[in-house]
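Listed below are the residues making up each chain.
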Amino acid sequence: HIYATQQKTVDGPRAIISFFWAAPDEWNGSPFQYTVNCTKEDGTRVGGPLSSSITHYSFAVKSGKVTCSVAASNEPNNIGAYTPEVSIDSSGKSG
């Protein structure tokens, strides 16, 4: 799931994007980490490796569409398949 929370700041409105996911049904080994991959509308990528005990990632954007996916890993160099991408328009429209 992905959510956007609007906030008004001194330099204009921005959105806090919160991306949540569920742990995989099958790790095929010991849980190691998640790798989050989010792309902002301008092409900037955010995310990266997170502990396997974390199942959410939040970041701020000015506005526009954001797309995220996540992959689980049970070894440092063995990243599983990424989830289908989910996207949200942080200007308040979901889609």
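Everything quoted here is computed from the prediction, not taken from an experiment.

Draft legend 1. Fine view of the packing of aromatic side chains. Enumeration according to the criterion identifies five aromatic pairs in this entry. Pairing Tyr3 with Phe20 gives two aromatic rings, centres 5.7 Å apart and planes at 70 degrees, and the pair type is edge-to-face. Here Tyr3 is found in strand S1 (residues 2-9), whereas its partner Phe20 is found in strand S2 (residues 12-20), with 17 residues between them in sequence. Exposure remark for Phe20: the relative accessible area of 35% places this residue in the partly exposed category. Judged by centre distance (5.5 Å) and plane angle (40 degrees), the ring pair of Tyr57 and Phe59 falls under tilted.

Draft legend 2. Broad picture of the state of the cysteines. Evaluated as defined, the whole model comprises one disulfide. Disulfide pairing places Cys38 opposite Cys68 at an S-S distance of 2.1 Å. On the sign convention where negative means left-handed, the S-S torsion of about 115 degrees between Cys38 and Cys68 marks this disulfide as right-handed. Of this pair, Cys38 sits in strand S3 (residues 33-40) while Cys68 sits in strand S6 (residues 65-75), placing them 30 residues apart in sequence. Comparing Cys38 with Cys68 shows no difference in burial state: the two are buried.

Draft legend 3. Summary view of the sheet that holds S2. Spatial strand order, S1-S2-S5: three strands in an open sheet with antiparallel pairing. Every other strand in the sheet has two partners, leaving S1 and strand S5 (56-61) as the edge strands with one partner each. Averaged over all pairs of adjacent strands, the angle between strand axes in this sheet comes to 20 degrees, irrespective of strand direction. In terms of strand pairing, S1 meets S2 through eight bridges, oriented antiparallel. Each bridged residue has a counterpart across the sheet, and for Lys8 the counterpart in S2 is Pro13.

Draft legend 4. Summary view of the pairing of S2. Two successive antiparallel strands, S1 and S2, enclose a turn made up of two residues. Sheet analysis places S2 next to S5, joined by six bridges and oriented antiparallel. Bridged to Phe19 within S5 is Tyr57.

Draft legend 5. Spatial organisation of the side chain of Thr35. Following the sequence through the fold, Thr35 ends up in strand S3. For Thr35, a relative accessible area of 10% puts it in the buried group.

Draft legend 6. View of unusual backbone geometry. Its identity is not glycine, yet Asn28 carries a phi of approximately 55 degrees, on the positive side. Looking at the secondary structure, you find Asn28 in the loop between S2 and S3.

Draft legend 7. Region of interest: the nonpolar core. In terms of nonpolar packing, the biggest core is built from 18 residues, with Ile17, Phe19, Trp21, Val36, Cys38, Tyr57 and Phe59 touching the most fellow members. Elements represented by at least two residues in this core include exactly S2, S3, strand S4 (45-51), S5 and S6. Excluding residues that lie within four positions of it along the chain, Phe59 makes contacts with Ala15, Ile16, Ile17, Cys38, Lys40, Val46, Val66 and Cys68.

Criteria and cut-off values
- Residues numbered from 1 in each chain as written.
- Predicted model: local features only at pLDDT ≥ 70, side-chain atom pairs only at ≥ 80, totals over all residues.
- Heavy atoms only, no water.
- Phe/Tyr/Trp six-rings, centres within 6.5 Å; stacked < 30°, edge-to-face > 60°.
- Helix = DSSP H or I, 4+ residues; strand = E, 2+ residues; numbered from the N terminus.
- Buried < 20%, exposed > 50% of the residue type's maximum accessible area, 1.4 Å probe, protein only.
- Disulfide = S-S within 2.5 Å.
- Pairing = 2+ DSSP bridges.
- Axes fitted to C-alpha atoms, helices over the stretch in contact; angles between N-to-C directions.
- Core = buried A, V, L, I, M, F, W, Y, C linked by side-chain atoms within 4.5 Å.
- Contact = heavy atoms within 4.5 Å.

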